[in-house]
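If you want the building blocks of each chain, they are given just below.
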Amino acid sequence: MPLLSSPNVDLFQSLFERNQMAIAIVSSADLRVLKANDSFVKLLEIDDEALNELELKPYLVTGDHKTKFLESVEKIRASEEKSFTLEHRYQTKRGRILDAVTNGDGLDGDRIVIVVQDITDRIQQEIEATQLANYDELTKLPNRRMFTSELERQLEIALNEDSSSLGVMFLDLDGFKEINDTLGHEAGDELLIEVAKRLRKALRKGDFISRFAGDEFAVINCNSNSFNTAETAQRLIDAIAQPITISGFPVTCSVSIGLSAFPEDGNNGPELLRRADIAMYEAKRNRKGFSCFSAEDNKRIRDRVLLRNDLERALEEDSDEIQVYYQPRVNLSDNSIQVVEALARWRHPERGFVSPELFISIAEETTLIHSFGKCILDKVCRQLKSWHERGIELRVAFNLAAKELERFDIYQQIEAALNKYEVRGKWLEIEITETASMKDINRSVRFMSKLKTLGVHLAIDDFGTGYSSLTALKQLPADTIKIDQEFIQLLIEEVDFCSPDADIVRAIVTLADSFHMSTVAEGVETQAQAEFLAQLGCEFAQGYYYNPPMPPANLELLLSKKS
């Protein structure tokens, strides 16, 4: 029986042999190849000579797809079906695996024409697209989208099983930004990759981990009670605590973890994640590694969010809610006042005065600190202009938040405020904490030197709490060192000149004098402290022993009495 039977045999033969599609005619009994075109030979990477003895079965990859292929061939052979279309896999003569779509058509009961289309590239593209859609490119962990989907799936399983429970963990690396800024983004990426490996290794089989965003990770503890979840959290903390070598440098990293549990803390994914996030914030705030969600934490966080919204509104409206109080700096030689420190106060319309420690920490956690700093600086310069117009000559010390040092336009902001109110730079003193100035000493020197061109005074605030070297301190173009109140408060009522605490204060005064800087003691509360500081040669002091922070009108009244 001829292989091809048609009135247009030559045309069919030409189309068969020259077709770009891989085509073969095979025996339906044993899948022996009776005839194949060049495209088929190339696809399976076989030799023309091998065609005479070629059977297709060995080239079909074992599995469900091979079984379905053989079943479809048998149905055509039994005249139960005329054709089939299947997606399956071939293994070429050289061992390469191909994804393909095969269309089979029965010529008669004994022969089948198969047309094979290689879709390996398409499948690979689909895999890569799925990878991009569901996995983090850097760490290769599932991403936020896949985590959310998996959490919903696990919750559905748990909801159908009354005794089932699961835990959700939200993780955030501590100090990652500092590592990124210090060693660079490539080092930061290297750190994240290593952290991801350690986290995955420390988890149980069946737990699900994802890189949620940035330096945040999330974990699902399946079939886990609160105790097991807490145990897992501690295991993760221990895994991350081991030193990591990044770009040749040993780096010590820590992680804060928040825990929530189903069904105790919620029965849906967004709620469990939100509460794990709240617990993580508490763990970070208290520096205790991990924390379980509690209703008290939820209330505190909700209150902070409401306060943050109210603070944002107050700043946007430039309302009188945000006020500036002034605390006098007293000259210890004659009790005169030439400098006052500006201190922010917030009079909330419903809550009354909000603790500065609370609202400043809220501002520093967000970008509100930039608006806040600008607002206070504007009010200070406006007040300076008002005082100078009335003949009150005072210098005002203004605290520059650590985050403000990172702003590229902070110099322009200070210059603009001085120009706006026609205030000369010498009437403004910028206070920068020792810790902030030492973070990047070269940058601090450049920034402070630029500020000096405006004529402003510069002070190192909270001195003694950081770790500045003498060499670094000498580089800073500062005029004043402010001794942190922690050291002053250690001086007891009857000051012992030979005590270690007294020695520390004495050393700071001596150091400032050698660098031709003036000294200011903060937090002076007793006469004994004031007298001791005067005898040491400390030039200025401020604290409740002299005066508390006060509104401008009260300060003016105080100054008028002194005069």
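Please refer to the structure higher up on the page.
All of the points below concern the structure found in this document. Here the structure is a predicted model, which is why all the values come from computation and not from measurement.

A word on the layout of surface pockets. Within this model, the largest pocket holds a volume of roughly 1,500 Å³. In terms of lining residues, the largest pocket is bounded by 39 residues, among which Y281, K284, E364, E365 and K403 are the most central. Taken together, the elements giving at least two residues each to the lining of the largest pocket come down to β6 (166-174), α6 (176-183), β11 (254-262), α9 (269-286), α10 (295-317), α11 (356-365) and α12 (368-389). Within this model, the second largest pocket holds a volume of roughly 1,200 Å³. If you trace the second largest pocket, you find 35 residues lining it, with E341, L343, I360, N399 and D461 closest to the centre. For the lining of the second largest pocket, the secondary-structure elements that each account for two or more residues are β14 (337-348), α11, α12, β16 (395-399), β17 (428-433), β18 (457-463) and α17 (485-489). Residue composition of the lining of the second largest pocket, grouped by class: 14 nonpolar, 10 polar and 11 charged.

Right, let's get into the packing of α9 against α10. It is the contact of α9 with α10, at a shortest axis distance of 10 Å, that shows an interaxial angle of 85 degrees. When the interaxial angle is binned, α9 and α10 end up roughly perpendicular. Here R274, R275, I278, Y281, E282 and R285 of α9 lie close against α10, whose contacting residues are D297, N298, R300, I301 and R304. Partitioning the contact of α9 with α10 into residue classes produces 3 nonpolar, 1 polar and 7 charged.

Here the focus is the sheet that holds strand β8 (residues 216-222). Consider a sheet: its strands pair through backbone hydrogen bonds, and that pairing is either parallel or antiparallel. Taken together, the 5 strands give an open sheet; going across it, the order is β7-β8-β6-β11-β12, and neighbouring strands pair in mixed fashion. A single partner strand is all that each edge strand has here, and the edge strands are β7 (208-213) and β12 (290-292). Taking each pair of neighbouring strands and ignoring which way they run, the sheet shows an average axis angle of 20 degrees. Strand direction decides the pairing type here: β6 and β11, joined by 9 bridges, are antiparallel. From the neighbouring strand, D172 faces β11, where its bridge partner is S256.

For soluble globular proteins, the rule of thumb is that nonpolar side chains tend to be buried together. Membership of the largest hydrophobic core comes to 87 residues, with the highest contact counts inside it found for V380 and I430. In terms of residues, this core owes the most to one element, α12, which gives 10 residues. If sequence neighbours within four positions are ignored, V380 has contacts with V324, Y326, A342, V396, F398 and L428. L171, A202, I244 and C253 belong to the second-largest nonpolar core, a separate cluster that totals 30 residues.

What follows deals with the sheet that holds strand β3 (residues 83-91). With antiparallel pairing, the 5 strands of this open sheet are ordered in space as β2-β1-β5-β4-β3. The sheet is open, and its two edges are formed by β2 (33-36) and β3, each paired on a single side. With direction set aside, neighbouring strand axes in the sheet form an average angle of 30 degrees. Where β3 meets strand β4 (residues 97-106), 9 bridges bridge the pair, whose relative direction is antiparallel. Looking across to β4, one finds that T85 is bridged to N103. Running at roughly 130 degrees to β4, helix α4 (residues 120-134) makes contact with β3, β4 and β5 (111-118) of the sheet.

Turning our eyes to something else, we now look at the side chain of D207. On the secondary structure map, D207 appears in the loop between α7 (185-202) and β7. The buried category is assigned to D207, whose relative accessible area is 13%. In terms of polar contacts, D207 uses its side chain to reach the side chain of R204, at 3.0 Å. Among the polar contacts listed, one links the side chain of D207 to the side chain of N221, at a separation of 3.1 Å. The contacts of D207, once residues within four sequence positions are left out, are I220, N221 and C222.

Right, let's talk about the pairing of β3 for a bit. Of the two faces of β3, only the one carrying F84, L86, H88 and Y90 is buried; S83, T85, E87, R89 and Q91 on the other face are not. Taking the residues between adjacent antiparallel strands as the criterion, β3 and β4 are bridged by 5 residues, where G95 takes a positive phi near 95 degrees.

A separate point is the packing of aromatic side chains. Evaluation of the coordinates by the stated rule reveals 9 aromatic pairs. Plain terms: the ring middles of F69 and F84 are 5.6 Å apart, the flat faces sit at 75 degrees to each other, and that makes the pair edge-to-face. Highlighted residues: F69 in helix α3 (residues 64-77) and F84 in strand β3, separated in sequence by 15 residues. For the pair F69 and F84, a shared accessibility class is recorded, and that class is buried. Ring plane angle 75 degrees and centroid distance 4.9 Å describe the contact between Y545 and Y546, whose orientation is recorded as edge-to-face. Y546 gets classed as buried once you look at its relative accessible area, which sits at 18%. Every member of this aromatic cluster is reached through a ring pair, and the members are F147, F170, F208 and F212.

This brings us to helix α5 (residues 144-160). End to end, α5 covers 25 Å across 17 residues, agreeing with the expected 24 Å (1.5 Å per residue, within 8%). Buried within α5 we find F147, E150, L151, Q154, L155 and A158. Angularly, the buried residues of α5 cover 140 degrees about the axis, an arc narrow enough to put them on a single face. Relative to its buried face, α5 has exposed residues pointing more than 90 degrees away, namely R145, E156 and N160. Each element contacted by the buried residues of α5 is listed here: β6, β7, β8, β11 and α9. Measuring from the side-chain oxygen of the N-cap residue of α5 to the backbone nitrogen of R145 gives 3.2 Å; that N-cap residue is N143.

All right, on to α9 then. For α9, which comprises 18 residues, the first-to-last C-alpha distance of 26 Å matches the rise-based estimate of 26 Å (1.5 Å per residue) to within 8%. Of the residues making up α9, those classed as buried are G269, L272, L273, R275, A276, I278, A279, M280, E282 and A283. Lining the buried residues of α9 we find α5, β6, β7, β11, β12 and α10. Capping the start of α9, N268 holds a side-chain oxygen 2.9 Å from the backbone nitrogen of E271, two or three residues further along.

Further remarks concern the pairing of β4. Bridge count between β4 and β5: 7 bridges; the pairing is antiparallel. Its bridge partner being in β5, A100 is matched across the sheet by D118. Between β4 and the antiparallel strand that follows it, β5, lie 4 residues.

Moving on, we come to the side chain of Q327. Among the secondary structure elements, Q327 is positioned in strand β13 (residues 322-331). Since its relative accessible area comes to 8%, Q327 is described here as buried. A distance of 3.0 Å separates a polar side-chain atom of Q327 from the backbone oxygen of N547. If we ignore the near neighbours within four places in the chain, the residues touching Q327 are V339, V340, E341, L343, Q542, G543, Y544, N547, P548 and P549.

Cut-offs applied
Residues numbered from 1 in each chain as written. Predicted model: local features only at pLDDT ≥ 70, side-chain atom pairs only at ≥ 80, totals over all residues. Heavy atoms only, no water. 1 Å grid on protein atoms, 1.4 Å probe; cavity = no way out; pocket = protein on both sides within 12 Å on 5 of 7 lines; lining within 4 Å. Points joined across faces, edges and corners; volume = space filled by probe spheres on them. Helix = DSSP H or I, 4+ residues; strand = E, 2+ residues; numbered from the N terminus. Nonpolar A, V, L, I, M, F, W, Y, C, P; charged D, E, K, R; others polar. Axes fitted to C-alpha atoms, helices over the stretch in contact; angles between N-to-C directions. Parallel < 35°, antiparallel > 145°, perpendicular 65-115°, else oblique. Contact = heavy atoms within 4.5 Å. Pairing = 2+ DSSP bridges. Core = buried A, V, L, I, M, F, W, Y, C linked by side-chain atoms within 4.5 Å. Buried < 20%, exposed > 50% of the residue type's maximum accessible area, 1.4 Å probe, protein only. Polar contact = N/O pair within 3.5 Å; in protein donor to acceptor, adjacent residues only side chain to side chain. Phe/Tyr/Trp six-rings, centres within 6.5 Å; stacked < 30°, edge-to-face > 60°. Expected span 1.5 Å × (residues − 1). Arc of directions from axis to C-beta.

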